[in-house]
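Secondary and tertiary structure notes
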Amino acid sequence: MRFILLMLLCVFTLNVFGQGIDFFKGNLSEALTKARSENKIVFVDFVASGSEPCEQMSAEVFSQEIISAYFNQRFICVQIDVEKEKELTQKYDVTRVPSMLFFSPEGKIVKQIVGPISLTDLVQTAMFVAGDLLSLEDQWVAMQGDKKNLDLQQRFLLQAPELMATIRNQKELEKWQFRVEKVIKHYLAQKLRENMINREDANLIMMYCSQPQKKNEPVEFMIQHLEEFQRILPVYTLVSFFASYQDRLVQSMAMDGDLEYKQQIARIKGDLKSVFDSVKTKSFSVEYLMTAKADAFYALYAQKDQAKYVRLQKEFFDKMGDLASPSDYQRAVVALMDAVANKLTEESATAALSWLDKLLSGNSDMATRVRYLIMAGDCYQVLENNEKAKSCYNEAYMLSFQTGDINLQVRLREKMDLLS
């Protein structure tokens, strides 16, 4: 689920497991009376018996725990059968089911949804209606009026990724990206670190400080206070973040020729031990897997030694056996092809072809398969096997019509013409 749903799970108590929305038993007029007494908004779902979209909404959206938790606490919910309540159906111009309306306690329509809607979009719409989720512009205006209010900045930063995901205009999106970068920089500069040992600020660090770097102060702060963060965050959240972060950091340092990547790997049994002890792998330890990949990348990118890279990768695959995953083979061949460009040796081309055979024998999407075929063709060219190279390019060319990528088709046509 997207971040906004996880945020709701932290805020609202799940006390209606599997029960779904608890629809009010009375009519709309009675629901509005109840809403006025409780100062709540009324959510109305117009349905028709036997309607497949309505049944789908009921089974896949209204029954979910996050909907139960939020809607049952924030709204008076009513379900109206359009066949039984034709007068209301006409009054509110309901011409399609499902149709969902939000009413103020005074009976004024504040939002209307026509047709099925996803769980995430429904929750986001409901949060806007309830005032739990202000627009980016509203939040920006509020922050400009109170620039020292770190609570406003925190809320903005937590909600910005979800709200920005709905922006389709590129210039508008770039504007908000710039503003978010400005706010997070200010927030981290002003917020005392001892006041950041909480779920919300931990999420901010993991969202906005996830770019691996040796001196990532906010992340290092979390590591220094790992025991405290473990008490307020689910273990899988910390494992997921730090496993990914350290792996990318070690890989980046190895590619840059920084041998201190070995010290970062050593942290698995050092200050990050309590996190990595929870990591479960199908085969070898996280330490071995991370070291094997980093050592190979160091040989390829820093030492420019294709032969050593190929040897290390072969040793890795021999040791892993059937436990080696498609992503392992993909990483090995893509790194090699990207790093050496047009200087692939015959030994490297032969090794790359063996890895590509593994990938091409499995399942992959169309665009990925085309990429594998092009790399295979390039390898065959290095081995001066033009017939097989042309065969790979031709298959990729035929598949490229299904991707609709005209530039790719032109490039493949040129490769085949050169071989002819």
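Residues numbered from 1 in each chain as written. Predicted model: local features only at pLDDT ≥ 70, side-chain atom pairs only at ≥ 80, totals over all residues. Heavy atoms only, no water.

1. Let's talk about the packing of aromatic side chains
Two aromatic rings are characterised by how far apart their centres lie and by the angle between their planes. Note the following rule: Only Phe, Tyr and Trp rings take part, Trp by its six-membered ring, and two of them pair if their centres are within 6.5 Å. Stacked means planes under 30 degrees apart, edge-to-face means over 60, and tilted covers everything else. Numbering of helices and strands runs from the N terminus; a helix is a DSSP stretch of H or I covering at least four residues, while a strand is a stretch of E covering at least two. With a 1.4 Å probe rolled over the protein chains alone, any residue whose accessible area is under 20% of its type maximum counts as buried; one over 50% counts as exposed, and the rest are partly exposed. Consider the ring centre and the ring normal. A charge sits over the ring if Lys NZ or Arg CZ is within 6 Å of that centre and within 35 degrees of that normal.
Taken as a whole and assessed by the stated rule, the structure comprises 24 aromatic pairs. Pairing Trp 140 with Phe 156 gives two aromatic rings, centres 6.2 Å apart and planes at 55°, and the pair type is tilted. Placement of the pair is Trp 140 in helix α7 (residues 136-145) and Phe 156 in helix α8 (residues 150-164), with a sequence separation of 16 residues. Each member of the pair Trp 140 and Phe 156 is classed as buried. Ring geometry for Phe 221 versus Phe 229: centroids 6.0 Å apart, planes at 85°, classification edge-to-face. Across this residue pair, the class does not change: Phe 221 and Phe 229 are buried. Sitting over the face of the ring of Tyr 288, Lys 319 holds its NZ or CZ atom 4.3 Å from the ring centroid. When the ring centre of Tyr 397 is taken as origin, the NZ or CZ atom of Arg 413, which lies over that ring, is 5.4 Å away.

2. Observations regarding helix α19 (residues 346-360)
Heads up, the rule is: Multiply 1.5 Å by the residue count of a helix minus one, and that product is the helix's expected span. Residue contacts are defined here by distance: any two heavy atoms, one from each residue, within 4.5 Å place the two residues in contact.
Its 15 residues place the ends of α19 20 Å apart at the C-alpha level, agreeing with the 21 Å of an ideal helix rising 1.5 Å per residue. Where α19 is buried, its residues contact α17 (306-320), α18 (326-340) and α20 (366-382).

3. Here we look at the confidence of the model for the protein chain
Keep this limit in mind: Values of pLDDT, the confidence the predictor places in each residue, fall between 0 and 100.
For the protein chain, per-residue confidence averages 90 on the pLDDT scale, and 95% of positions sit at 70 or higher. Here helix α1 (residues 3-11) stands out as the least confident element of the protein chain, with mean pLDDT 48; helix α11 (residues 217-224) is the most confident, with 97. Counting interchain partners and residues more than four positions distant, the pLDDT-below-50 stretch residues 9-18 has 18 contacts.

4. Overview of the pattern of salt bridges
To keep things clear, this is the line we draw: Any Lys or Arg side-chain nitrogen located within 4 Å of an Asp or Glu carboxyl oxygen qualifies as a salt bridge.
For the structure on display, the rule yields 20 salt bridges. For the salt bridge of Asp 258 with Lys 214, the shortest nitrogen-to-oxygen distance reads 3.0 Å. Taken as a pair, Asp 258 in the loop between α13 (235-255) and α14 (261-266) and Lys 214 in the loop between α10 (199-208) and α11 lie far apart in primary sequence, 44 residues in all. A salt bridge links Glu 287 to Lys 269, with the nearest nitrogen and oxygen atoms 3.1 Å apart. Highlighted residues: Glu 287 in helix α16 (residues 286-302) and Lys 269 in the loop between α14 and α15 (273-276), separated in sequence by 18 residues. The structure contains a network of salt bridges with shared partners spanning Lys 34, Glu 38 and Lys 40.

5. Comments concerning the packing of α20 against helix α22 (residues 406-419)
For any two helices packed against each other, one specifies the crossing angle of their axes together with the interaxial distance. This is how it is decided: What counts as an axis is a line fitted to C-alpha atoms, over the stretch in contact for a helix, and the angles between N-to-C directions run from 0 to 180 degrees. Geometric relationships in this document are graded by angle, where less than 35 degrees denotes roughly parallel, more than 145 denotes roughly antiparallel, 65 to 115 denotes roughly perpendicular, and other angles denote oblique. Each crossing is labelled by how the near helix is turned from the far one, with a counterclockwise turn of less than a right angle marking it left-handed and a clockwise turn marking it right-handed.
Relative orientation of the contacting elements α20 and α22 amounts to 20°, with a least axis distance of 13 Å. It follows from the interaxial angle that α20 and α22 lie roughly parallel. Between α20 and α22 lies a crossing whose hand is left-handed. Contacts between α20 and α22 pair Val 370, Ile 374, Asp 378 and Gln 381 from the former with Leu 408, Arg 411, Leu 412, Lys 415 and Leu 419 from the latter.

6. Quick word on the sheet that holds strand β3 (residues 99-103)
Convention followed: Two strands make a pair as long as DSSP finds a minimum of two bridges between them.
Read from one edge to the other, the open sheet built from four strands follows the order β2-β1-β3-β4, with strand pairing classed as mixed. A strand with exactly one partner marks an edge of an open sheet, and here the two such strands are β2 (75-81) and β4 (109-114). Neighbour-to-neighbour, the strand axes of the sheet open up by a mean angle of 15°, direction not taken into account. Here β3 pairs with β4 via five bridges, running antiparallel. Bridge pairing in β4 places Met 100 opposite Ile 113. Running at roughly 175° to β2, helix α2 (residues 28-38) makes contact with β1 (41-47), β2 and β3 of the sheet.

7. Regarding the packing of α7 against helix α9 (residues 170-190)
The line we're drawing: In this classification, Asp, Glu, Lys and Arg are treated as charged, Ala, Val, Leu, Ile, Met, Phe, Trp, Tyr, Cys and Pro as nonpolar, and every other residue, Gly included, as polar.
Relative to each other, α7 and α9 sit at 40°, their axes nearing to 13 Å. Between α7 and α9, the interaxial angle falls into the category oblique. Considering only the axes of α7 and α9, their crossing is left-handed. Every residue of α9 that contacts α7 at Leu 136, Glu 137, Trp 140 and Met 143 is listed here: Lys 175, Trp 176, Arg 179 and Val 183. Classifying every residue of the contact of α7 with α9 by side-chain character gives five nonpolar, no polar and three charged.

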